[in-house]
Amino acid sequence: MNFKEQLSEMAELVNQQLDLLVPVKDNKQKVIYEAMRYSLLAGGKRIRPVLALAYADILGVDRDFVMPFACALEMIHTYSLIHDDLPAMDNDDLRRGRPTCHIKFDEATAILAGDALLNKAFEVMSEACNNMPENMKTRGIAMMAQVAKCSGSEGMIGGQVIDLDSEGKDVDMDTVLTLHKHKTGALLTAPACIAVSAAGMEDTIEAEHIFEYSEATGLAFQVKDDILDVEGDTEKMGKAVGRDAKQDKRSMTVLIGIDSCKNMLDELTVKAVKCAEFFGDKGNFLKDMADYLLKRDN
Ligand code: GRG
């Protein structure tokens, strides 16, 4: 199977689980399930859960063990997109190729759908911990704690706060890198945290390489996002482009120019590929993933 086939097979496994975890309901609050499913099952790339499965494969962990945590990450990612698109934040009306949640439903429903997805994520992870054999429960709780930390005020939310605070200001590169490390990088490092804790392999040379890979690809992902915001195509991306300029954001392309961004992206990709090569043939999927993230157009 080639990389693209593997990627879509893994994404499909995630999609099936998400569909089961957030079912259609026919009760008085059914609209919240409609809104949650509308955004969650709207065809995102599933990079974060796929990475969790890929790291699990490399570290010899059963995919079923990490799947609930991988799905929880995708729920949290989707909630962040719903909330980020709200008028109080980025005020966008297109996401994943369709009207944003607050446009399709309304603002209150979109806020609640995001909140419900965040809660669902923790319900799914705590149930997974409950169902683990006694001797594995500590690992499960460590995995859940990592997801909480990566999503919260020391992770993604912290990054969003720095982002909002930076709007219209002449921020420096250090601030922008801190912003990205938190806002985008934290949820892209979470799959590594999950898989390493699942394997009980903290403080190993393997974990070191996985973390270095995830940090390099996490930053590369954001640099590419900034480049796509300038050069990308709305139809392919399924979201508006040119948002950074519109919101007067000091994106990486504004700070160092698009050519330097492309060089930085190349260097980060080389670094990620080197980390993947540490694992020999077992690292092939991660190598291809780094290349895919470099060349992606959506
Ligand atoms: C509002 C709680 C809250 C957090 C906001 C992560 C975030 C912080 C906002 C999301 C919007 C944004 C521009 C994030 C930067 C990271 C990024 C490029 C997200 C898009 O991720 P993809 O490309 O999206 O993986 P798909 O749709 O493929 O899942």
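Residues numbered from 1 in each chain as written. Predicted model: local features only at pLDDT ≥ 70, side-chain atom pairs only at ≥ 80, totals over all residues. Heavy atoms only, no water.

**Student:** Honestly, the site of the ligand in this entry has me stumped. Any pointers?
**Tutor:** Lys-45, Arg-48, His-77, Asp-84 and Arg-96 are the nearest of the 18 residues found near the ligand. One of the side-chain nitrogen or oxygen atoms of His-77 is found 2.8 Å away from an oxygen atom of the ligand. Protein chains bury 94% of the 710 Å² of accessible surface belonging to the ligand in isolation. Mapped onto the shell around the ligand, the elements with two or more residues apiece are α4 (63-84), α8 (156-166), α9 (173-199) and α10 (205-231). Looking at the shell around the ligand element by element, the count peaks at 6 residues for α4. Class assignment of the residues belonging to the shell around the ligand gives a composition of 5 nonpolar, 7 polar and 6 charged. (Near = heavy atom within 4 Å. Polar contact = N/O pair within 3.5 Å; in protein donor to acceptor, adjacent residues only side chain to side chain. Areas by Shrake-Rupley, 256 points an atom, 1.4 Å probe, with all protein chains shown as cover. Helix = DSSP H or I, 4+ residues; strand = E, 2+ residues; numbered from the N terminus. Nonpolar A, V, L, I, M, F, W, Y, C, P; charged D, E, K, R; others polar.)

**Student:** Mind showing me how you'd approach unusual backbone geometry here?
**Tutor:** Of all residues except glycine, most have a negative phi; of all peptide bonds, most are trans. Positive phi, close to 65°, is recorded for Arg-46, a residue that is not glycine. Non-glycine residue Arg-96 carries a positive phi angle of around 50°. Summarising the element assignment, Arg-96 is placed in the loop between β1 (94-95) and β2 (98-99). We classify Arg-96 as buried; its relative accessible area is 16%. (Buried < 20%, exposed > 50% of the residue type's maximum accessible area, 1.4 Å probe, protein only.)

**Student:** Any chance you could explain the nonpolar core here in plain terms?
**Tutor:** A general feature of soluble globular proteins is that nonpolar side chains tend to end up buried together. Leu-59, Phe-69, Tyr-213 and Met-289 are the most contacted members of the largest nonpolar core, which totals 87 residues. When residues in this core are grouped by element, the largest group, 12 residues, is from α9. Beyond its immediate sequence surroundings of up to four residues, Leu-59 is in contact with Ala-195, Val-196, Ala-199, Met-201, Glu-206 and Ile-210. (Core = buried A, V, L, I, M, F, W, Y, C linked by side-chain atoms within 4.5 Å. Contact = heavy atoms within 4.5 Å.)

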